[in-house]
Amino acid sequence: QAKAELEQGLEGVRRALSILREYYGSGANAAMLQDGGDLAQAMQQPAPPTQHSKASGAGTSIVGLLEVVESDFAKSLAAEETEEADAESEYQKTSQENKITKTMKEQDVKYATQEYKSLDKSIAEFSSDRETTDAELTAVLDYYAKIQERCIAKPETYAERAERRKAEIDGLKEALKILEDEASSFAQQGRRGGVRAHFL
């Protein structure tokens, strides 16, 4: 909008300058009368009277003033165009950078998703292998336990050893008693046999 306003202002000033230069440079009043409407529109002033004399000094001042205004409008318009060009360039640069950044992020997401799926697959395979290994290990341990029960004697507990010792001692005592009883019986039989011989 600022650029359009500057362009319109610059065009109006240049039209006014063209009319004034033609008027003060022609030496005739006809030009002023013919173009009075355009000058009035450009300067936004009422039309001059039909009969007047030129004031070249005043005309030169007006033309000089309008030339300064024209220069200011031109500089402002050039600055506005430069600013718009810079803004457009910056916009294009930022848009391109955003496109590159977006593409890179999309690629990162794509690669991350692929890696994630690959890791999930590896974890599933490792989990299956572990379950198989655990099952095999359990079977081996069960078999080993059965082998131990068959081939390796279990250590006796204190109560079992005490019971076995008591049974052994009781057996020895019983055997000793039997031997003592047999010895006593044999001795008595011997004495009886001697008495018979004595009487005979």
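None of these values were measured; they are calculated from a predicted model. (Residues numbered from 1 in each chain as written. Predicted model: local features only at pLDDT ≥ 70, side-chain atom pairs only at ≥ 80, totals over all residues. Heavy atoms only, no water.)

This next bit is on the overall build of the protein chain. Of the regular secondary structure elements, the protein chain holds 5 helices and 0 strands. In sequence order, the protein chain lays out its α and β elements as α-α-α-α-α. When the 200 residues of the protein chain are sorted by exposure, 11% land in the buried category. Nonlocal contacts in the protein chain, meaning residues at least 24 apart in sequence, comprise 73% of its contacts between residues at least 6 apart. Taken as a whole, the protein chain presents about 16,600 Å² of accessible surface, with 56% of it coming from carbon and sulfur. (Helix = DSSP H or I, 4+ residues; strand = E, 2+ residues; numbered from the N terminus. Buried < 20%, exposed > 50% of the residue type's maximum accessible area, 1.4 Å probe, protein only. Contact = heavy atoms within 4.5 Å. Areas by Shrake-Rupley, 256 points an atom, 1.4 Å probe, with all protein chains shown as cover.)

Looking now at a negative patch on the surface. There is a patch of like negative charges on the surface, built from Glu83, Asp86, Glu90 and Glu97. On the secondary structure map, Glu90 appears in helix α4 (residues 56-151). (Patch = residues over 30% accessible without salt bridge, like charges linked within 9 Å, V, L, I, M, F, W, Y side chains within 5 Å. Salt bridge = Lys/Arg side-chain N within 4 Å of Asp/Glu carboxyl O. Lys, Arg positive; Asp, Glu negative; His and termini not counted. Charge placed at Lys NZ, Arg CZ, Asp CG, Glu CD.)

With that settled, the discussion passes to the nonpolar core. The tendency in soluble globular proteins is for nonpolar side chains to be buried as a group. Counting 6 residues, the largest nonpolar core consists of Val13, Ala16, Leu17, Leu20, Val63 and Leu66. Within the residue set of this core, elements represented by two or more residues are α1 (2-26) and α4. Beyond its immediate chain neighbours, meaning those up to four positions away, Val13 contacts Leu66, Val69, Glu70 and Phe73. (Core = buried A, V, L, I, M, F, W, Y, C linked by side-chain atoms within 4.5 Å.)

Turning our eyes to something else, we now look at the pattern of salt bridges. The tally for this structure, following the rule as stated, stands at 5 salt bridges. Across the salt bridge formed by Arg14 and Glu70, the nearest N and O atoms sit 3.0 Å from each other. Note that Arg14 is positioned in helix α1 and Glu70 in helix α4, a separation of 56 residues in sequence. Put simply, Lys166 and Asp170 hold a salt bridge, and the shortest N to O gap is 3.2 Å. With Lys166 and Asp170 both in helix α5 (residues 158-199) and 4 residues apart, the pair spans about one turn of that helix. Its relative accessible area of 49% is what places Lys166 among the partly exposed residues.

This paragraph deals with the confidence of the model for the protein chain. Considering every residue of the protein chain, the mean pLDDT works out to 76; 74% of them sit at 70 or more. Here helix α2 (residues 30-34) stands out as the element of the protein chain with the lowest mean pLDDT, 41, in contrast to α4, whose mean of 84 is the highest. Low pLDDT, under 50, characterises residues 27-43; the predicted model gives this stretch 27 contacts beyond four residues in sequence or across chains. pLDDT under 50 marks residues 49-53. Its contacts with residues more than four places away, or in other chains, come to 4 contacts. (pLDDT = per-residue confidence, 0-100.)

Moving on: the side chain of Glu70. Residue Glu70 is classed as buried on the basis of its relative accessible area of 19%. Here Arg14 takes part through its side chain, which lies 3.0 Å from a polar atom of the side chain of Glu70. Glu70 has contacts with Leu10, Val13, Arg14 and Leu17, leaving out every residue within four places of it along the chain. (Polar contact = N/O pair within 3.5 Å; in protein donor to acceptor, adjacent residues only side chain to side chain.)

Moving on to the side chain of Glu80. Mapped onto the secondary structure, Glu80 falls in helix α4. Judged by its relative accessible area of 19%, Glu80 falls in the buried class. Glu80 has contacts with Ala2, Lys3 and Leu6, leaving out every residue within four places of it along the chain.

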